Amino acid sequence: QGQAAELLSMGANTGAYDKAITKEDKELLLEALRGWGALDKDGRYVKSRATANRRGYEIAEGGGPIGPQYSDPMPLHDVLQSRMWAYIGQGFETDHQSTIFQPVGGMGRIGDAFARELGPVIKLSCRVTEVKQDANGVTVSYVDTLKGGPVQTATAQYCINTIPAPVLGKLPMQVSAKMQAAIQSTLYSTNFKAGLQFKRKFWEEDEAIYGGITYTDMPIGLIGYPNTDYAQTGKGVLLGAYVGGRPATHEFASMAPEERLKKIVAYGAQIHPQYNTEYENGVTVAWSRLPWIAGCLSQWTAERRAEHYQTLISFDGRMLLAGEHASYGIWQEHAILSGLNAVKTLHQRVVAA
């Protein structure tokens, strides 16, 4: 912010903005830039109490004999070469702004809560093998993947189908050619993620890191730090890798889990040497290799959405689709909003009938 503010201030003072803003507005802009970027009275981003208050002190203000020592701002060249600018805007996006809340124990707890409330209504570990429909209703065939046995069926007047598009597209199903084309056009990204468990929370104890993300240019993509249970002793878990849409995703997906973890620990140790002594175990997920989803999240282009989206979210006979792929987003929230929209659409049709 400081370096950008200084550049903008320089432009204003050289007359570059004279055609765009009035003299009064230029003075207001310079005042705003001084506040935004912690600039001095001459519009410079230099070592000072103001900049140390933003970026951290070399020696913080305290009660001992040594007074505060201000830190040296990074040169603009180093800031730009770090490529940090490629990521820094994420915190301003609607889905990432503060304050963000999360369920204790991870996002999977949302699904657990639905399961708790619905109880036996949900049939777990069942794989759908076929979907048939006619003028009177829908019949879904499925097998119990744990207990085995013959193919079973469930029949209803209507069906809200939430099977992810990559799986749905390979399923025998009685739908129109237009709906089939819409399903086939819904492509998913092949993201990869890893969680690493350590003997202790070295990032907090050694480096005073509490939450946040370290972005890297390595195949692991990033390291994410937990933003719960601060200063608690004992074991800790990091998001050791999270990549998508890059060659690294396919590279990790092709490896055996043990090989993935070995690589991820080696990469992470370049940032945190404590990996080498504190790492215990980990778990990895390559969404493209999960048979019940075959990908991580839907990836629409403007052209494909214009051609297929309205078909995807509309009735096809007695069936409606729902899920984040049948929405304008990619998160759990959008899957839920899609489900609510499907229920509303179904309700309106039944009432009208």
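Each value, and the rule that gives it
Residues numbered from 1 in each chain as written. Predicted model: local features only at pLDDT ≥ 70, side-chain atom pairs only at ≥ 80, totals over all residues. Heavy atoms only, no water. Phe/Tyr/Trp six-rings, centres within 6.5 Å; stacked < 30°, edge-to-face > 60°. Buried < 20%, exposed > 50% of the residue type's maximum accessible area, 1.4 Å probe, protein only. Helix = DSSP H or I, 4+ residues; strand = E, 2+ residues; numbered from the N terminus. Expected span 1.5 Å × (residues − 1). Arc of directions from axis to C-beta. Contact = heavy atoms within 4.5 Å. Polar contact = N/O pair within 3.5 Å; in protein donor to acceptor, adjacent residues only side chain to side chain.

J.: How should the packing of aromatic side chains be read in this particular structure?
T.: Aromatic ring pairs are defined here through the distance separating the ring centres and the angle between the ring planes. For the coordinates displayed, the defined rule picks out 13 aromatic pairs. On the numbers, 5.1 Å between centres and 85 degrees between planes, the contact of F198 with F202 is edge-to-face. Each member of the pair, F198 as well as F202, is classed as buried. Ring centres of W300 and Y309 lie 5.8 Å apart, and the angle between their planes is 85 degrees; on these two criteria the pair is classed as edge-to-face. Owing to a relative accessible area of 15%, W300 belongs among the buried residues under this scheme. Through a chain of ring-to-ring contacts, the aromatic side chains of F198, F202, W203, Y275 and Y279 assemble into a single cluster.

J.: Sorry if this is basic, but what is going on with helix α10 (residues 257-268) here?
T.: Side chains three or four residues apart in an α-helix point the same way, a direct result of the helix having 3.6 residues per turn. Compared with the 16 Å implied by 1.5 Å per residue over 12 residues, the 16 Å span of α10 between its first and last C-alpha is a close match. All of the buried residues in α10 are R260, L261, I264, V265, Y267 and G268. Here the buried residues of α10 occupy an arc of 160 degrees about the axis, which is enough to place them on one side. The outward face of α10, more than 90 degrees from its buried face, is lined by the exposed residues E258 and K262. The elements touched by buried residues of α10 are β6 (192-198), β8 (222-224), β9 (236-243), α9 (247-253), α11 (275-278) and β10 (279-286).

J.: Which parts of the structure should I look at to understand the side chain of T284?
T.: By the element assignment, T284 lies in strand β10. Polar side-chain contacts of T284 include one of 2.9 Å to the side chain of R260. Once residues within four sequence positions are removed from consideration, T284 is found in contact with F192, K193, A194, P257, R260, L261 and I264.

J.: Teacher, can you tell me more about unusual backbone geometry here?
T.: Peptide bonds are, in most cases, trans, and in most cases residues other than glycine have a negative phi. We note that S125 has phi near 60 degrees; this positive angle belongs to a residue other than glycine. Here S125 is to be found in the loop between α5 (108-118) and β1 (126-133). What makes S125 partly exposed here is its relative accessible area of 34%. One non-glycine residue, A231, adopts positive backbone phi at about 60 degrees. Considering the arrangement of structural elements, one finds A231 in the loop between β8 and β9.

Function cannot be read off these values alone, since they describe shape.
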